[in-house]
Amino acid sequence: MGGLLGAAEFRTVVEHAPLVAMDLIVLNDRGEVLLGRRLNRPAQGFWFTPGGRIRKGESLDDAFLRISRDELGVSVPRADVRLLGVFEHFYADSAFAEDIASGTHYVVLAHQLRLDDEAIARLPLEQHDEYRWVDLRTTDLSVHQHVRDYFELS
């Protein structure tokens, strides 16, 4: 499996290629979705679904296990979830602030899964500083538009 890129290599990729990622649309028994307030660019400060990039050489199954473990604190097999669809996310900024004129382009494999509050009792705080359950019909503009787009298909 490919290693993690250094900052200079990752910057080159962001400038010239789309990133492939998985988003986790986590629903509870009340029909609410789990969102975290993003600490990093792009979409910094917005409420967003947990998720992460797929690494070169990493199978989709392995990526899903890693991303669910890193983002939710529990490893969930991809076979236990439903693929919601493939989405494109375009952002004006990037992990490198606004100095990349092309912004960031993601191709996202969105997966829907159900977990209860106890299953995700200790959520990691590296990517999100706070979490909350949100009604799928929210019109809250602090919930990023890309996330609200998922709600239309749930």
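Numbering of residues begins from 1 in every chain and follows the order in which that chain's sequence is written. Under the rules for a predicted model, residues below a pLDDT of 70 receive no local features and side-chain atom pairs below 80 are neither given nor counted, while totals for whole chains, interfaces and linings still include all residues. Excluded from the side-chain calculation are hydrogens and water; included are all heavy atoms of the structure.

Caption draft 1: Inspection of the packing of aromatic side chains at higher detail. A pair of aromatic rings is counted whenever rings of Phe, Tyr or Trp (Trp by its six-membered ring) have centres within 6.5 Å, and the orientation is called stacked for planes under 30 degrees apart, edge-to-face for over 60 and tilted otherwise. All told, the structure shown has 2 aromatic pairs when counted by the stated rule. Centroid distance F87 to Y150: 4.8 Å. Interplanar angle 85 degrees. Geometry classified as edge-to-face. Residue F87 is located in strand 5 (residues 82-91), and its partner Y150 is located in helix 3 (residues 145-151); the two are separated by 63 residues in the primary sequence. For the pair formed by F87 and Y150, the shared burial category is buried. Ring geometry for Y91 versus Y106: centroids 6.0 Å apart, planes at 90 degrees, classification edge-to-face. With Y91 in strand 5 and Y106 in strand 6 (residues 104-114), this residue pair connects regions lying 15 residues apart in the sequence. Residue Y91 shares its accessibility class with Y106, and that shared class is buried. Comment: elements are numbered from the N terminus, with helices defined as DSSP H or I runs of at least four residues and strands as E runs of at least two. Exposed residues in this analysis have more than 50% of their type's maximum accessible area, buried residues have under 20%, and partly exposed residues fall in between, with area computed by a 1.4 Å probe over protein chains only.

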